[in-house]
Amino acid sequence: DGGGGGGDGDGAASALGQLSKFEYLDHTADIMLHAWGATLEEAFEQTALAMFNYMTDLAKVDVDDEHDGATIDVRGHDMQSLLYNFLHELLFVFGTEFLVCKQLTITALTVPTAAEAAAAA
């Protein structure tokens, strides 16, 4: 059914606040999701929350108000590699520091230009 669910428009999704702009799609071999946002930053945030929600039911996760958060810095030669590296880094932090994100804010996002992407290729 798409794992943890929660972002598919049901009542649980709206109860999760920030978790309302993604859905899981049927796929035979892997996870497929659709995430969106009013800005590119919000779309990246929603994609990350969809990943975490798939791994664990975020409706059952409490926010630690004493945790100052985590800072990650990723780079990519184009938009796709930037998103991949972002999710890969979050997955690494999940596996090594047991960090689960229920709230996520991207404070800076710089998209590689076409010239930068061509130079990296």
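Residues numbered from 1 in each chain as written. Predicted model: local features only at pLDDT ≥ 70, side-chain atom pairs only at ≥ 80, totals over all residues. Heavy atoms only, no water.

Enquirer: Explain the overall build of the protein chain here, please?
Expert: Across its full length, the protein chain carries four helices and two strands. Each helix (α) and strand (β) of the protein chain, taken in turn from the N terminus, gives the series α-β-β-α-α-α. Counting across all 121 residues of the protein chain, residues that qualify as buried make up 29%. At a minimum sequence separation of 6, the contacts of the protein chain that also span at least 24 residues come to 59%. Roughly 7800 Å² of accessible area belongs to the protein chain as shown, and the carbon and sulfur atoms make up 52% of that amount. (Helix = DSSP H or I, 4+ residues; strand = E, 2+ residues; numbered from the N terminus. Buried < 20%, exposed > 50% of the residue type's maximum accessible area, 1.4 Å probe, protein only. Contact = heavy atoms within 4.5 Å. Areas by Shrake-Rupley, 256 points an atom, 1.4 Å probe, with all protein chains shown as cover.)

Enquirer: I would appreciate a short explanation of the packing of aromatic side chains in the present structure.
Expert: How two aromatic rings sit relative to each other is set out by the distance from centre to centre and by the angle between their planes. Here the structure, examined in full by the defined rule, presents two aromatic pairs. Their ring planes at 40 degrees and their centres at 5.8 Å tell us that F44 and F86 sit as a pair that is tilted. In this pair, F44 is assigned in helix α2 (residues 40-55) and F86 in helix α3 (residues 79-97), connecting sequence segments 42 residues apart. (Phe/Tyr/Trp six-rings, centres within 6.5 Å; stacked < 30°, edge-to-face > 60°.)

Enquirer: Even after reading the chapter, I still don't get the pattern of salt bridges, so can you show me in this structure?
Expert: Pairs can form between side chains of opposite charge once their charged atoms are near each other. Summed over the entire model, instances satisfying the criterion amount to three salt bridges. For the salt bridge of D57 with K60, the shortest nitrogen-to-oxygen distance reads 4.0 Å. Since its relative accessible area comes to 70%, K60 is described here as exposed. Residues R75 and D73 are paired through a salt bridge, measuring 3.6 Å at the closest nitrogen-oxygen approach. Residue class for R75 comes out exposed when judged on its relative accessible area of 64%. (Salt bridge = Lys/Arg side-chain N within 4 Å of Asp/Glu carboxyl O.)

Enquirer: Sorry, what's going on with α2 here?
Expert: Because an α-helix completes one turn every 3.6 residues, residues spaced three or four positions apart along the sequence face the same direction. Over its 16 residues, α2 runs 23 Å from end to end, which matches the ideal 22 Å to within 8%, given 1.5 Å per residue. Buried residues dominate α2, accounting for 12 of its 16 residues. Taken residue by residue, α2 has E42, A43, F44, E45, Q46, T47, A48, L49, A50, M51, F52 and N53 as its buried positions. Summarising the contacts, the buried residues of α2 are in contact with β1 (22-25), β2 (32-35) and α3. (Expected span 1.5 Å × (residues − 1).)

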